[in-house]
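The lines below spell out each chain.
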Amino acid sequence: MKSKSRFTRNDAELLLISLPTVIWYVLFTYLPMFGIIIAFKNFRPLPKASFITSLIKSDWVGIQNFKFLFATPDAWIMMRNTLGYNAVFIVLGIVVPVTLAIMISQLYSQKLAKTCQTAMFLPHFLSWVVVSYFLFAFLSTDKGLINKTLESMGRDLITWYADPKYWPYILVLLNMWKSVGYGMVVYLAGISGIDQSLYEAAIIDGATKLQQVKHVTLPMLKPIMIIMFILSVGRIFSTDFGLFYNIPRNSGAIIDVTQTIDVYVYKALMSMNNIGFSSSAAFLQSIFGFITITTANLIVRKIDPESSLF
Amino acid sequence: MAKNRKKVLTSGVERFNRVSLPTNILFSLIFILLALLTVIPLIFVIIVSFSSAESVRKIGYSFVPLEWSLSAYQYLWDLRQIVGRSFMVSIGTTVAGTIIGLFLNSTMGYVLSRRSFALRRHFTLLIFIPMLFSGGLVSTYLINTQVLKLGNTYWALILPIAVSSFYIIVLRTFFQTTIPDSLVESAQIDGASQLTIYSRIVMPISLPALATIGLFLTFGYWNSWFPAMLYIQSSHQHMYPLQYVLMSIEKSIQFLTDNAQFLITQEALRSIPQESIRMALVVIVVLPIACSYPFFQKYFISGLTIGAVKG
């Protein structure tokens, strides 16, 4: 064994190999981390000065940007939407795939199970841009399948993209539609890894199918469920930008139920060109995200050290 | 009864432990329904793309159009200057991104898999911290455009999404289990440097893992539109990848319809199969994925399961 305290030729070679990736991490993840102080600055790009000099030279304004942000009703609405949707996604994102994975593992026909699983995995490989067109084909006000059907039945048409009351359901359903196949694959892999003798023992003890699920399958899946839970709780302040931006087709009429922090940050940066608003919202997102993932992990580590993520 | 049960048990626990037949039928129906729910929208969009403009105008998007037509694809072919170019941008960034991504992720994955490496703990931390904390969109955007000068370059479509800590962990776990330290050490005794070992030994025997990550990268790049939306301005439309053209063709068609009455006659407007054009473009974007992923599925699944191993 080589001594760990000295930097050997072997270490130098390994360092050299990994150098490009190290540089990538510094440029694309660590540099932006320091750029986060922009939220506490009144940032103005100085003429003929590099971005970093402008950033350093612009005035510190303390929490002024945050005060302005929270003076707008947008701030509360996007917080509510982000946390609300994520809470629903986290619960459904564990309950539904686990249930379906257990169900599909019970099918008599392996071929049917395999085919259905493949089909249900498809949406995972599609981008939200594409999915937004899928949805549009059904919901378009004048051409969509649903409205055309309503029309032929003599019912009133629904202006889907202008009516906020449908959107919470649409977004939740669509998110499930896109992610459930992936979740199912993860849990199915967990189920196939369970030692069959556990089930045999349960059968000899006279356990019914439901009891087997409750006392064998679920406890064995618990570690995966906990890791998926921590990961999603850690991302409770971030949302899938494509889902909330492309799917509602950026419709202003339904913004109260579709605007999340990510969408707001993007719009404030690009269309409103307001760096103060967008950087303070992005700052809160990063900090709260960090706090939630470490807290969730800490709690899990207290209860069950084996299941924690780190 | 007891005797009967014992007999069944020996003839196959699995057979005995099956759900009842009605339950199986119910479950099968549920899954057939769910599978159809994922496939039907795709089929629907394909049908719309082959519907004539006339049909769409009269009965809207329908599973049974009044008239079939290739005019949407004809029109896209006429637009090949724009669409073809974007197709090349998509393919180019996908290929280049996959190669660069594989290189960057696998080198770090390999280095982290070597227990003897003095900086192993530091580098593990280096890739771990960004999983917990990120600079957020604003500062990332400003750094990439102002400091790294990536705006309106192809690099902007490739580099920001080339590396992922998740991919590195998957590869590291794979290297740890398949490439024993003794193998590396014996090669070193033969005079090989780590670079030689990485390129001549590690890469060839790690093809399954590289295929997995390569596929993740390929599908990721093919589906990516966010970097284009952020970093490519509308003055550089020739650099749009297909996914982003799909997003913005919507705007241009919308624009055309909104202003049509001032620009062209209703007759001319009707002749453009605009409703089916969008869907034809969706089909062009989706079809390569939909046709190929069933064959690659097993690599994805193996990647997901390796990734689940904690480290």
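Residues numbered from 1 in each chain as written. Chains lettered and ligands numbered in written order. Predicted model: local features only at pLDDT ≥ 70, side-chain atom pairs only at ≥ 80, totals over all residues. Heavy atoms only, no water.

1. Re the overall build of chain A
For chain A, the helix and strand inventory stands at 14 helices and 0 strands. Considered along the principal axes of its C-alpha atoms, chain A spans approximately 80 × 75 × 35 Å. Going through the 310 residues of chain A one by one, you find that 54% of them count as buried. For chain A, the computed accessible surface area is about 14,600 Å², with 67% contributed by carbon and sulfur atoms. Measuring between centres, the 25 positive side-chain charges of chain A sit 7 Å from its 16 negative side-chain charges. (Helix = DSSP H or I, 4+ residues; strand = E, 2+ residues; numbered from the N terminus. Buried < 20%, exposed > 50% of the residue type's maximum accessible area, 1.4 Å probe, protein only. Areas by Shrake-Rupley, 256 points an atom, 1.4 Å probe, with all protein chains shown as cover. Lys, Arg positive; Asp, Glu negative; His and termini not counted. Charge placed at Lys NZ, Arg CZ, Asp CG, Glu CD.)

2. Some details on the side chain of K41(A)
The topology assignment puts K41(A) in the loop between α1 (9-35) and α2 (51-57). With residues near it in sequence (within four places) discarded, K41(A) still touches L55(A), I56(A), S58(A), D59(A), W60(A), V61(A) and N65(A). (Contact = heavy atoms within 4.5 Å.)

3. Focus on unusual backbone geometry
With a phi close to 55 degrees, R249(A) is a non-glycine residue in the positive phi region. By relative accessible area, R249(A) is classed as partly exposed at 21%.

4. Examining a nonpolar patch on the surface
On the surface, L21(B), I25(B), L29(B), I32(B), L36(B), I40(B), F63(B) and V64(B) cluster together into a nonpolar patch covering about 710 Å² of accessible area. Take I25(B): it is sitting in helix α3 (residues 21-49). (Patch = residues over 30% accessible without salt bridge, like charges linked within 9 Å, V, L, I, M, F, W, Y side chains within 5 Å. Salt bridge = Lys/Arg side-chain N within 4 Å of Asp/Glu carboxyl O.)

5. A short note on the nonpolar core
Membership of the largest hydrophobic core comes to 165 residues, with the highest contact counts inside it found for W167(A) and I247(A). Examining the composition of this core, we find that 14 residues originate from one element, helix α17 (residues 274-307) of chain B, more than from any other. If we skip the residues at most four places from it in the chain, I247(A) touches W128(A), V131(A), S132(A), L135(A), Y161(A), W167(A), L171(A), L174(A) and G242(A). Core analysis: the second largest hydrophobic core is formed by 23 residues, I102(A), A113(A), M176(A) and A35(B) among them. (Core = buried A, V, L, I, M, F, W, Y, C linked by side-chain atoms within 4.5 Å.)

6. Points about helix α7 (residues 145-152) of chain A
L145(A), N147(A), K148(A) and L150(A) are the residues of α7(A) that are buried. One or two steps after α7(A), the chain reaches G154(A), where phi turns positive at roughly 80 degrees.

7. Considerations on the interface of chain A and chain B
Counting residues at the interface gives 92 residues for chain A and 106 residues for chain B. Between chain A and chain B the total buried area reaches about 9,100 Å² when both faces are included, carbon and sulfur atoms providing 76% of it. Summed over the shared surface of chain A and chain B, the result is 24 residue pairs in polar contact (both at pLDDT 80 or more). By residue number, the principal contributor to the side of chain A that touches chain B is α1(A), which donates 20 residues. Looking at side-chain class alone, the side of chain A that touches chain B contains 63 nonpolar, 19 polar and 10 charged residues. (Buried area = accessible area lost by both parts, 1.4 Å probe. Polar contact = N/O pair within 3.5 Å; in protein donor to acceptor, adjacent residues only side chain to side chain. Nonpolar A, V, L, I, M, F, W, Y, C, P; charged D, E, K, R; others polar.)

8. With respect to the packing of helix α7 (residues 120-132) of chain B against helix α10 (residues 165-178) of chain B
Residue and element names in this part refer to chain B. Here α7 crosses α10 at 145 degrees, and the two axes come no closer than 9 Å. The segment α7 lies against α10, with R120, I127 and M131 engaging S165, I168, I169 and Q176. Here the residues of the contact of α7 with α10 are counted per class, giving 4 nonpolar, 2 polar and 1 charged. (Axes fitted to C-alpha atoms, helices over the stretch in contact; angles between N-to-C directions.)

9. Looking at the pattern of salt bridges
If you walk through the whole model with that rule in mind, you get 7 salt bridges over all chains. Of the charged contacts, one joins K148(A) and E151(A) as a salt bridge, the two residues approaching to 3.7 Å between their closest N and O atoms. Residue K148(A) and its partner E151(A) are both found in helix α7; the two are separated by 3 residues, about one turn of the helix. For E151(A), a relative accessible area of 44% puts it in the partly exposed group. As a salt-bridge pair, E54(B) and K58(B) come within 3.3 Å of each other at their nearest N and O atoms. Highlighted residues: E54(B) and K58(B), both in helix α4 (residues 53-59), separated by 4 residues, approximately one helical turn. A relative accessible area of 36% places E54(B) in the partly exposed class. Counted as one network, the salt bridges with shared partners bring together E54(B), R57(B) and K58(B).

10. Remarks on the environment of G84(B)
Its place among the elements puts G84(B) in helix α6 (residues 80-113). With 158 residues separating them along the chain, G84(B) and L242(B) place their C-alpha atoms 8.9 Å apart.

11. Focus: the confidence of the model for chain B
Residue and element names in this part refer to chain B. Per-residue pLDDT for chain B averages 85, and the proportion of residues at 70 or more is 86%. Predicted confidence for residues 1-11 stays below pLDDT 50, and this span has 3 contacts to residues more than four positions away or in other chains. Low pLDDT, under 50, characterises residues 260-264; the predicted model gives this stretch 2 contacts beyond four residues in sequence or across chains. (pLDDT = per-residue confidence, 0-100.)

12. Focus: helix α11 (residues 181-189) of chain B
Residue and element names in this part refer to chain B. Within α11, the full set of buried residues consists of V184, A187 and Q188. Viewed end-on, α11 has its buried residues packed into an arc of 100 degrees, placing them on one side of the element. G191 sits one or two residues past α11 and shows a positive phi near 95 degrees. (Arc of directions from axis to C-beta.)

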